[in-house]
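# Working through the structure, step by step
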Amino acid sequence: MSLHDDAILVLKGYEGDEPAQRELSGFYLDHLAAHPDGMWKACGAGHLTASALVVDPERGRVLLTLHKKLGMWLQMGGHCEPGDPTLERAALREAGEESGIPDLTLLAGGPVRLDRHPIPAPCHWHLDVQYAALAAPGAVEAISEESLDLRWFAYDEVAEVADGSVVRLLERTRVLLGA
């Protein structure tokens, strides 16, 4: 199965926590139907990306990266690559590469949220499929070349440093964790 096919299955199974999320899932599916290259950065109309919020539930904190190009505190994530067999694996790969933490595990149940956001040309949109990745107790992070900084934030600090998409991702993750 191709990554494109996997994305379609994931999005068809995504239930979302609100009507806007279900509508966004339909938008993503329409995009993939119209753009066979919709998984790749080269798709000028926009492309799917995979991200993961790295969470340490025992300590009530999340690991955010200060994105080198955007200068914003964000969850780990980015472009899918040809070697990614699934969206889940793409999100885990990105989270591991950017956090330096091996052996992250995704929160069961598939994506936590979807987020569509504009990006500079030549492409116009990132259609982000957002997961939550659980860090083992005592996990140690290591900054990557893609980050200016990497830092743990308590749940209640995230709204002070990150944009609304990260805050919504954390809120939904906390609901799913029962935290």
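Our subject is the structure listed above.
Structure report, in brief. Note that the structure is a prediction, hence the values are computed from the model and not measured.

Attention now goes to the pattern of salt bridges. Scanning the entire structure with this criterion turns up ten salt bridges. Between R93 and E94 there is a salt bridge, and its shortest N-O distance comes to 3.0 Å. Put simply, R93 and E97 hold a salt bridge, and the shortest N to O gap is 3.4 Å. Highlighted residues: R93 and E97, both in helix α3 (residues 87-99), separated by four residues, approximately one helical turn. Judged by its relative accessible area of 18%, R93 falls in the buried class. Connected through salt bridges with shared partners, the residues E81, D84, R93, E94 and E97 form a single ionic network.

Here we come to the side chain of D56. Mapped onto the fold, D56 is located in strand β1 (residues 47-56). Taking the relative accessible area as the measure of exposure, D56 reaches 3% and is therefore buried. The contacts of D56, once residues within four sequence positions are left out, are R61, W152 and Y155.

Running from N to C, helix α1 (residues 3-13) and helix α2 (residues 19-34) point in directions that differ by 155°, and their axes come no closer than 9 Å. With respect to each other, α1 and α2 are oriented roughly antiparallel. For the pair α1 and α2, the crossing hand works out as left-handed. When α1 is examined against α2, the residues H4, A7, I8, L11 and K12 are found in contact with a partner set consisting of S25, Y28, L29 and L32. Looking at the contact of α1 with α2 residue by residue, the classes come out as six nonpolar, two polar and one charged.

Relative to the helices and strands, A121 is located in the loop between β6 (113-118) and β7 (125-134). Since its relative accessible area comes to 60%, A121 is described here as exposed. Sequence spacing of A121 and A95 is 26 residues, and the spatial spacing of their C-alpha atoms is 25 Å.

Criteria and thresholds
- Residues numbered from 1 in each chain as written.
- Predicted model: local features only at pLDDT ≥ 70, side-chain atom pairs only at ≥ 80, totals over all residues.
- Heavy atoms only, no water.
- Salt bridge = Lys/Arg side-chain N within 4 Å of Asp/Glu carboxyl O.
- Helix = DSSP H or I, 4+ residues; strand = E, 2+ residues; numbered from the N terminus.
- Buried < 20%, exposed > 50% of the residue type's maximum accessible area, 1.4 Å probe, protein only.
- Contact = heavy atoms within 4.5 Å.
- Axes fitted to C-alpha atoms, helices over the stretch in contact; angles between N-to-C directions.
- Parallel < 35°, antiparallel > 145°, perpendicular 65-115°, else oblique.
- Left-handed = near helix turned anticlockwise from the far one by under 90°.
- Nonpolar A, V, L, I, M, F, W, Y, C, P; charged D, E, K, R; others polar.

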